[in-house]
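Overview (structure and organization)
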Amino acid sequence: MKRLIYFSFNMLLVSCTDTLIGDDGKLDEDIYLNYQTKTDLELPIDGEWYVTAGGRTHIEGRHHFITHGTGQRYAYDIFKLVDDSAYSGDGGTNEDTFTFGATVNAPGSGKIIAVENNIEDNSKPGIVNSDINSSNIAGNYITIDHLNGEYSFLAHFKQGSIIVSVGDMVTKGQEVGKAGNSGNSSGPHLHYHMQNTPDYLNGLGLPAQFKNYYENNVLREKGEPVRGQKINKIKTER
């Protein structure tokens, strides 16, 4: 029987929210319950990925308890699948996972306003480097200003893999780097969230609605992926 990857790496390890603090983000939800994303967004990935955190409920989203003033109310954690598996071998190294080194793309067009590219990846899944603290919790990351009051944050890139710089204009679907395991990350994955300010972890989270993707092999013209779903971007000619 083919090994499914929904082991501890999925529900327990692949997250940047192991420590839950703060309130339940009710104010954010009251304000943005019916919010419609302005930016034309697509999934920032190639191939099939699994949503280990994402959704409007606490059990789905997992970031909700650290949301007040941090912008992560509607954040996603996702990792890459190949034939329903997250890794080859025994999964004990970063390189065993299909996520580590996987291509990450800009989810929407805009201007790069922040980049960190020099944080060392955690040595292996399940271990967070001892020098990770509040100043480098995102590891290697980029911030995209969509020039409409929305800002995208993509975090935990592989060290040295980001190929854009502050001031660059990027287009939706453009490669920006490779997924990694840097910062407060207990396994290779991609963290994504959108918020209403340019300051990382300082703002209100905004729902991020993606266009034209498959969730569990069902076509969605527009939607918000939810924990437990397999997602795959529709390939288009550029």
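The chain appears in an unreviewed UniProt entry as M23 family metallopeptidase from Aquimarina algicola.

1. Observations regarding the side chain of Q209
Residue placement: Q209 occurs in the loop between strand 10 (205-206) and strand 11 (210-215). There is a polar contact of 2.8 Å between the side chain of Q209 and the backbone oxygen of Y35. Within the structure, Q209 has its side chain in polar contact with the side chain of E224 (distance 3.1 Å). Apart from residues no more than four positions distant in its own chain, Q209 is found in contact with Y35, Q36, T37, L41, R56, K222, G223 and E224.

2. What to know about the confidence of the model for the chain
In the predicted model, the chain carries a mean pLDDT of 86, and the fraction of residues at 70 or more is 81%. Here residues 1-13 scores under 50 on pLDDT; set against residues more than four positions off or in separate chains, the count is 41 contacts. Below a pLDDT of 50 lies the segment residues 17-23, which in the model reaches 16 contacts outside its immediate sequence neighbourhood of four places, other chains included.

3. Considerations on the pattern of salt bridges
Within the structure shown, the criterion is met by eight salt bridges. Through salt bridges with shared partners, one network takes in D40, K172 and K211.

4. Topic: the nonpolar core
Membership of the largest hydrophobic core comes to 32 residues, with the highest contact counts inside it found for W49, I78, I142, L154, Y192, F210 and I231. Those elements that place two or more of their residues in this core are strand 1 (48-53), strand 2 (76-80), strand 5 (140-145), strand 6 (151-157), strand 9 (190-195) and strand 11. If we ignore the near neighbours within four places in the chain, the residues touching L154 are P44, V104, N105, P107, N140, Y141, I142, I144, L190, H191 and Y192. Y50, F79, A86 and Y87 belong to the second-largest nonpolar core, a separate cluster that totals five residues.

5. Topic: the environment of S123
With respect to the secondary-structure elements, S123 resides in the loop between strand 4 (110-116) and strand 5. By relative accessible area, S123 is classed as exposed at 52%. Along the chain, S123 and S182 lie 59 residues apart, while their C-alpha atoms are 9.1 Å from each other. When sequence neighbours within four positions are dropped, the list of residues in contact with S123 reads N94 and N129.

6. Overview of the packing of aromatic side chains
Enumeration according to the criterion identifies five aromatic pairs in this entry. Where F153 meets Y200, the ring centres are 5.4 Å apart and the plane angle is 50°; that geometry is what we call tilted. Here F153 is found in strand 6, whereas its partner Y200 is found in the loop between strand 9 and strand 10, with 47 residues between them in sequence. Under the relative-accessibility criterion, F153 is labelled buried at 1%. Seen in terms of ring centroids, Y192 and F210 are 5.8 Å apart; in terms of plane orientation they differ by 55°. Their pairing is tilted. In this pair, Y192 sits in strand 9 while F210 sits in strand 11, placing the two residues 18 residues apart along the sequence. For the pair Y192 and F210, one class covers both residues: buried. Chaining the aromatic ring pairs together yields one cluster made of Y76, Y192 and F210.

7. Topic: the pairing of strand 4
Bridge count between strand 4 and strand 7 (residues 169-170): two bridges; the pairing is antiparallel. Residue pairing for strand 7: G110 is matched across the bridge by V170. As paired strands, strand 4 and strand 5 are joined by five bridges and run antiparallel to one another. Paired with V115 across the two strands is I142, which belongs to strand 5.

8. Some thoughts on the side chain of H191
Here H191 is to be found in strand 9. Classification of H191 by relative accessible area gives buried; the value is 1%. Separated by 3.3 Å, the side chains of H191 and D77 make a polar contact. Here H193 takes part through its side chain, which lies 2.8 Å from a polar atom of the side chain of H191.

So, how was this worked out
Every chain is numbered independently, its residues counted from 1 as its sequence is written. Predicted model: local features are reported for residues with pLDDT of at least 70 only, side-chain atom pairs are reported and counted for 80 or more only, and whole-chain, interface and lining totals are derived from all residues. Only hydrogens and water are set aside when side-chain values are computed; all heavy atoms of the structure are taken into account. Under the DSSP-based scheme used, a helix requires at least four consecutive residues in state H or I and a strand at least two consecutive residues in state E, with every element numbered from the N terminus. Polar contacts, as used here, are pairs of N or O atoms within 3.5 Å; protein pairs need one atom able to donate a hydrogen and one able to accept it. Residues neighboring in sequence count only if both atoms are side-chain atoms. Residues count as neighbours in contact if any of their non-hydrogen atoms are within 4.5 Å of one another. Confidence of the predictor in every single residue is expressed as pLDDT, which spans 0 to 100. By definition, a salt bridge exists where a carboxyl oxygen of Asp or Glu is found within 4 Å of a side-chain nitrogen of Lys or Arg. Within this scheme, the nonpolar core is defined by two criteria: the residues are buried Ala, Val, Leu, Ile, Met, Phe, Trp, Tyr or Cys, and they are joined through side-chain atoms within 4.5 Å. When a residue's accessible area, from a 1.4 Å probe over protein chains only, is under 20% of the maximum for its type it is buried; when over 50% it is exposed; and in between it is partly exposed. Only Phe, Tyr and Trp rings are paired, with Trp represented by its six-membered ring, and only when their centres lie within 6.5 Å; those with planes under 30 degrees apart are stacked, over 60 edge-to-face, the remainder tilted. DSSP calls a pair of strands paired once it identifies at least 2 bridges connecting them.

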